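# Fold and geometry: a report
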Amino acid sequence: MIAKMNGYGCIKTEDEYIRRHHRHEIKDNQCSSSLVKHIKAPVRLVWSLVRSFDQPQKYKPFVSRCIVQGDLEIGSVREVNVKSGLPATTSTERLELLDDEEHIFGMRIVGGDHRLKNYSSIVTVHPEIIDGRPGTLVIESFVVDVPDGNTKDETCYFVEALIKCNLKSLADVSERSAIQDRTEPIDRI
């Protein structure tokens, strides 16, 4: 258990955030996991990327194109084209949760030519201090069916690898942008 300041003088732990925001109903034929990434960029910057349901390609390296049907609101559906190299070409996804105050994003895969059936994920973004500067703790959790012919471990490993790639890219994009914004050290604010 790792304790972190949440930016408001209260100590929170990653485990507490996961218990509070990352609840999934897991059935026997499903696997689930939570991944954590510490990003050296302020929450407002990281959240602006995470909440972009209509432009996941801003930080997700496997997305080549995204088209949203209708307005950007809970229930909106996007059609995502996946870059070659993955066992899929399209994914149809629905926005399930978008909370700009608590920084919570949730989506569910509702179609596509892949094996991620009944996939849903939650991403939360939390302020923290990293090296004396505003930083962000990002937690992404998921639940998904285990496809026939695969084990829970194999399925979790595959999905975790994709999420780790996305989180690394989110950190890279956010941190590059933060450097351009010239964020002041927290002790000067």
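Bear in mind that the values here come from a model prediction, so they are computed numbers and not experimental data.

## Thoughts on the overall build of the protein chain
Within the protein chain one finds three helices and nine strands. For the protein chain, the sequential pattern of α-helices and β-strands runs β-β-α-β-α-β-β-β-β-β-β-α. Looking at the protein chain as a whole, 43% of its 189 residues are labelled buried. When the accessible surface of the protein chain is totalled, it reaches about 10,400 Å², and 49% of it is carbon and sulfur.

## Focus on the nonpolar core
Among the nonpolar cores identified, the biggest contains 31 residues, and Val46, Val50, Phe105, Tyr119, Val138, Phe142 and Leu170 are the most heavily contacted of them. For this core, the secondary structure elements donating two or more residues are β3 (30-39), α2 (43-50), β7 (104-112), β8 (120-130), β9 (133-145) and α3 (152-181). Other than its neighbours up to four places away in sequence, Leu170 contacts Ile39, Val46, Leu49, Val50, Tyr59 and Val138.

## Here's the deal with the sheet that holds β8
With antiparallel pairing, the seven strands of this open sheet are ordered in space as β3-β9-β8-β7-β6-β5-β4. A single partner strand is all that each edge strand has here, and the edge strands are β3 and β4 (63-69). Strand-to-strand twist of the sheet, defined as the mean angle between neighbouring strand axes without regard to direction, takes the value 25°. As paired strands, β8 and β9 are joined by 11 bridges and run antiparallel to one another. Within β9, the position partnered with His126 by the bridge is Leu137. Packing against the sheet, helix α1 (residues 14-21) makes contact with β3, β7, β8 and β9, and its axis sits at approximately 45° to β9. On top of the sheet, α2 reaches β3, β6 (90-99), β7, β8 and β9; it is set at about 165° to β8, its chief contact.

Reading the values: the criteria
Residues numbered from 1 in each chain as written. Predicted model: local features only at pLDDT ≥ 70, side-chain atom pairs only at ≥ 80, totals over all residues. Heavy atoms only, no water. Helix = DSSP H or I, 4+ residues; strand = E, 2+ residues; numbered from the N terminus. Buried < 20%, exposed > 50% of the residue type's maximum accessible area, 1.4 Å probe, protein only. Areas by Shrake-Rupley, 256 points an atom, 1.4 Å probe, with all protein chains shown as cover. Core = buried A, V, L, I, M, F, W, Y, C linked by side-chain atoms within 4.5 Å. Contact = heavy atoms within 4.5 Å. Pairing = 2+ DSSP bridges. Axes fitted to C-alpha atoms, helices over the stretch in contact; angles between N-to-C directions.

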